[in-house]
Amino acid sequence: MIIASNVTKTFGKLKALDNVSVNCNRGQSIALIGPNGSGKTTLIKSILGMVVPDSGFITFDQHNILHDWRYRERIGYMPQIGRYPDNMNIAQVFTMMRDIRRNSITTDEELIEEFGLNNMMQKKMRTLSGGTRQKVSAALAFLFNPDVLILDEPTAGLDPVASEILKQKIIKEKQKGKLVLITSHILSELDDVVSEIIYLQEGKLQFHKSLQQLQEDTGEVKLAKAFAQIMKYP
Ligand code: ADP
Ligand code: MG
């Protein structure tokens, strides 16, 4: 569904992505893992067309994304840091997004309800706590029922209850055959969610394998433990 071929991106002297090739398919739920600065967000932004690679290319359903931007309406994106007009209240942000996406027929308001956002629709964006802002970002990512969900550190700042709600939602959407790409620092949160692991280090793809394969290779069931093994014996 999404294929990155030999994608390289440099910022000045720094190679944020170094010849990265990955293949992401429907029904997969992929964890994008790597230390800070390893290129996870840059890879996500390249897929979204927000960063243009220096070389290599990305296709979405066989179409080069450089030539056809319409694929973007099939992606729900939750950015690492969501920025919204400060003076709008939550309701206005949702209305604005619905106006922009007028041609989306079905909307999915499950997260709005489950996060209790309906009770705080009149609050201004600038007054929201980090966690509430994350809830708005998450609800927006799922709102237009997209085929692909790209979630960059989605649970950062969420309380445990909200984290669990989001996790269950991710699992539910994945079971409908959607592709989910998710980065998180907290590996334990990914255990029940992901089917595949992409591991980046210093902009290079270290591996892309199934969770099952990783478990077999390391003899560990939990993702955090499996990674502890990999770090010990790289
Ligand atoms: P991650 O999400 O894995 O923490 P990023 O993809 O955000 O990493 O960043 C990878 C590297 O590229 C980092 O060293 C970061 O400082 C650098 N980088 C990312 N975006 C830019 C930019 N717009 N300008 C300059 N350097 C950038
Ligand atoms: Mg990042």
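Further up the page is the structure itself.
Residues numbered from 1 in each chain as written. Chains lettered and ligands numbered in written order. Predicted model: local features only at pLDDT ≥ 70, side-chain atom pairs only at ≥ 80, totals over all residues. Heavy atoms only, no water.

**Some thoughts on the pattern of salt bridges**
Our working definition: A pairing counts as a salt bridge when a side-chain nitrogen of Lys or Arg comes within 4 Å of a carboxyl oxygen of Asp or Glu. Only DSSP runs of H or I with at least four residues qualify as helices, and only runs of E with at least two residues qualify as strands; both kinds are numbered from the N terminus onward. Each residue's exposure class comes from its accessible area (1.4 Å probe, protein chains only) as a fraction of the maximum for that residue type: buried when under 20%, exposed when over 50%, partly exposed otherwise.
Applying the stated criterion across every chain, the model contains 17 salt bridges. Across the pair aspartate 18 and lysine 204 runs a salt bridge whose closest N-O atoms are separated by 3.5 Å. With a gap of 186 residues between them, aspartate 18 in strand E2 (residues 14-24) and lysine 204 in strand E10 (residues 204-210) connect regions that are remote in the sequence. Lysine 204 sits in the partly exposed class, given a relative accessible area of 39%. Between aspartate 68 and arginine 70 there is a salt bridge; the shortest N-O distance is 3.1 Å. The network of salt bridges with shared partners includes Asp108, Glu110, Lys169, Lys172, Glu173, Lys176 and Lys178.

**A few points about the packing of aromatic side chains**
Applied cut-off: For Phe, Tyr and Trp, rings pair up if their centres lie within 6.5 Å, where Trp contributes its six-membered ring, and each pair is then called stacked (planes under 30 degrees apart), edge-to-face (over 60) or tilted (otherwise).
With the rule as written, the count across this model stands at four aromatic pairs. Ring centres of phenylalanine 60 and tyrosine 71 lie 5.4 Å apart, and the angle between their planes is 45°; this geometry places the pair in the tilted category. One end of the pair, phenylalanine 60, is in strand E4 (residues 55-60); the other, tyrosine 71, is in the loop between strand E5 (63-64) and strand E6 (75-78), and eleven residues separate them in sequence. By relative accessible area, which is 7% here, tyrosine 71 ends up buried. Where tyrosine 199 meets phenylalanine 227, the ring centres are 5.1 Å apart and the plane angle is 70°; that geometry is what we call edge-to-face. Taken together, the residues tyrosine 199 in strand E9 (residues 196-201) and phenylalanine 227 in helix H7 (residues 223-232) connect sequence positions 28 residues apart. A relative accessible area of 3% means that tyrosine 199 is categorised as buried. Looking at phenylalanine 227, the relative accessible area reads 3%, which means it is buried. An aromatic cluster of at least three residues, connected via ring pairs, comprises Tyr199, Phe207 and Phe227.

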